[in-house]
Amino acid sequence: MQELARLTEAIPEEAQRLAHWAWSLLPFDAGSRLHWSGLIAFFLLGTAAWLFARRQGHAEGKGGLADFLIPRSMYFSRSSLVDVKVYFANKLIEPAMGIVTSGVQLGLVIAVAKLVGGGVHGESSGALPWTVLALATLLAALAGDFAYYVTHRLHHEHPVLWPFHKLHHSAEYLTPLTAKRNHPVYELIFGFVSALFLAPVMGVIFGLFGVYDTATLLGLGVVILAFNAAGGALRHSHIWIDYGPVVSRILISPAQHQIHHSCAVKHHDKNYGLIFAIWDWMFGTLYVPQGRETLEFGVADAAGVRQAQVHTSLTSAYLVPFAEAGEALRARGTSSRVMAE
Ligand SMILES: [Zn+2]
Ligand SMILES: [Zn+2]
């Protein structure tokens, strides 16, 4: 009987989880970069850019607002169709990946909490003092952002990892959905690195206060909300929003991320950051634009020439990276044997 009671209790929980996942497919998901706050900022900042282009007499401001914000040639391109397919396919496997990475994260957090607090507190007031909440929010943002920088840079610099991030860069047009054009292997590695970097912050606060939380507003983390409001959704777009030479050393602007996607040689391996530009600044990978630049997006060779598209379908988007990573592994094996001889 008890088992039956437990089962009936568990069913609504499962149904809730399923409903939450279905909800997360829509751009209203609280944790998503496609949250409505980002889409509103996309529209408002995009409109401001269109008005500016019109006033300056630029060719791109000559057409209507809808054509400027969402050009059909980009949004209905083959490249953008692959974005859509990868987005929905990733959604199908996301719950399984989430269980693995959140399990690792939980284990690490508990281990750190036990070290700091001598054991997880049985009782807590249920809320953090606001100063601790503010500190936790800042530290979690810095830790998560640094995890992104490390994962991202590793994928660019390691030939075996690069094919799994190359899918993101093979987009020939940037739309807000391109942010989600990531290979599951990249997502999984990012999940593990995030767990590793966030666990100390979460564990110390949990160990000391028996509760962990970060500041939220409108049902969204304040850092993500600020990121969205500052035009986070425009990072993957053709719309140039530049924060200027000073702020661009602290925060990565949409223009700086577009530069990260550029084929031009001078832009290669620059601007790895997500929110903060400080990591790029510290480690010498920052590129601050000195004015409007015309960019071509895609994967380019060392001479800056765009390479032929290899991710033409969902199947090739998922499988080609494994084949290319295998080739890179074999090439490394051959070169290390030659070195040894
Ligand atoms: Zn990249
Ligand atoms: Zn990108």
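Higher on the page you've got the structure.
Enquirer: Honestly, the overall build of the protein chain in this entry has me stumped. Any pointers?
Expert: Secondary structure summary: the protein chain contains 13 helices and two strands in total. Considering the protein chain as a whole, with its 341 residues, one finds that 43% of them fall into the buried category. Relative to all contacts within the protein chain whose residues are 6 or more apart in sequence, the contacts with residues 24 or more apart total 72%. Carbon and sulfur atoms make up 68% of the accessible area of the protein chain, which amounts to about 17,800 Å² in all.

Enquirer: What is the right way to look at the nonpolar core in this model?
Expert: Core analysis: the largest hydrophobic core is formed by 12 residues, namely Val109, Leu128, Val132, Ala136, Ala140, Ala143, Leu198, Ala199, Val201, Met202, Ile205 and Val211. Of all elements in the fold, only helix 6 (130–157) and helix 8 (184–209) reach the threshold of two or more residues within this core. A per-element tally of this core places helix 8 first, with five residues. Residue contacts for Ile205: discarding those within four places in its chain leaves Leu128, Val132, Ala136, Gly210, Val211 and Tyr212.

Enquirer: Sorry if this is basic, but what is going on with helix 8 here?
Expert: Side chains of residues three or four places apart in an α-helix project in the same direction, reflecting 3.6 residues per turn. Here helix 8 spans 35 Å end to end across 26 residues, near enough to the 38 Å set by a 1.5 Å rise per residue. Of all bends in helix 8, the biggest is about 40°, found at Leu198, and the proline Pro200 comes one to four residues later. At the exit of helix 8 stands Gly210, carrying a positive phi of roughly 75°.

Enquirer: Mind showing me how you'd approach the coordination of the zinc ion (ligand 2) here?
Expert: Coordination angles at a metal have ideal targets, namely 109.5 degrees for four tetrahedral donors and 90 or 180 degrees for six octahedral donors. Coordination of the zinc ion (ligand 2) by the protein comes from His168 (NE2), His236 (NE2), His257 (NE2) and His261 (NE2), over a distance range of 2.0 to 2.1 Å. Geometry at the zinc ion (ligand 2) is irregular, judged from its four donor atoms and the angles of 93 to 156° they form at the metal. Within one chain, the residues donating to the zinc ion (ligand 2) are spaced in sequence as H-x67-H-x20-H-x3-H. Separating the zinc ion (ligand 2) from the zinc ion (ligand 1) is a distance of 5.9 Å. Within this pair, whereas His168 is found in helix 7 (residues 162–169), its partner His257 is found in helix 11 (residues 254–260), the two being separated by 89 residues in sequence.

Enquirer: Explain the environment of His169 here, please?
Expert: Here His169 is to be found in helix 7. Residue class for His169 comes out buried when judged on its relative accessible area of 3%. Measuring from C-alpha to C-alpha, the distance between His169 and Val299 comes to 5.8 Å, with 130 residues separating the pair along the chain. Every residue in contact with His169, bar those within four places of it in the chain, is listed here: His152, His156, Trp162, His260, His261, Gly298 and Val299. Here His260 takes part through its side chain, which lies 3.0 Å from a polar atom of the side chain of His169.

Enquirer: I would appreciate a short explanation of the packing of aromatic side chains in the present structure.
Expert: Aromatic ring pairs are reported here in terms of the distance separating the ring centres and the angle at which the planes meet. For the structure shown, the criterion picks out nine aromatic pairs. Relative to Tyr272, the ring of Tyr149 has its centre 5.8 Å away and its plane inclined at 85°; by these criteria the two rings are edge-to-face. One end of the pair, Tyr149, is in helix 6; the other, Tyr272, is in the loop between helix 11 and helix 12 (278–282), and 123 residues separate them in sequence. For the pair Tyr149 and Tyr272, one class covers both residues: buried. Among the aromatic side chains, those forming a connected cluster through ring pairs are Phe146, Tyr149, Phe197, Tyr272, Trp279 and Phe283. Lying across the ring of Phe76, Arg72 places its NZ or CZ 5.0 Å from the centre.

Here is what the cut-offs are and how they apply
- Residues numbered from 1 in each chain as written.
- Chains lettered and ligands numbered in written order.
- Predicted model: local features only at pLDDT ≥ 70, side-chain atom pairs only at ≥ 80, totals over all residues.
- Heavy atoms only, no water.
- Helix = DSSP H or I, 4+ residues; strand = E, 2+ residues; numbered from the N terminus.
- Buried < 20%, exposed > 50% of the residue type's maximum accessible area, 1.4 Å probe, protein only.
- Contact = heavy atoms within 4.5 Å.
- Areas by Shrake-Rupley, 256 points an atom, 1.4 Å probe, with all protein chains shown as cover.
- Core = buried A, V, L, I, M, F, W, Y, C linked by side-chain atoms within 4.5 Å.
- Expected span 1.5 Å × (residues − 1).
- Bend = angle between axes of the 7 residues up to and from the residue.
- Donors = N, O, S within 2.8 Å, 3.2 Å for Na, K, Ca; no water.
- Tetrahedral: all angles 85-135°; square planar, octahedral: opposite > 155°, others 65-115°.
- Polar contact = N/O pair within 3.5 Å; in protein donor to acceptor, adjacent residues only side chain to side chain.
- Phe/Tyr/Trp six-rings, centres within 6.5 Å; stacked < 30°, edge-to-face > 60°.
- Lys NZ or Arg CZ within 6 Å of the ring centre and 35° of its normal.

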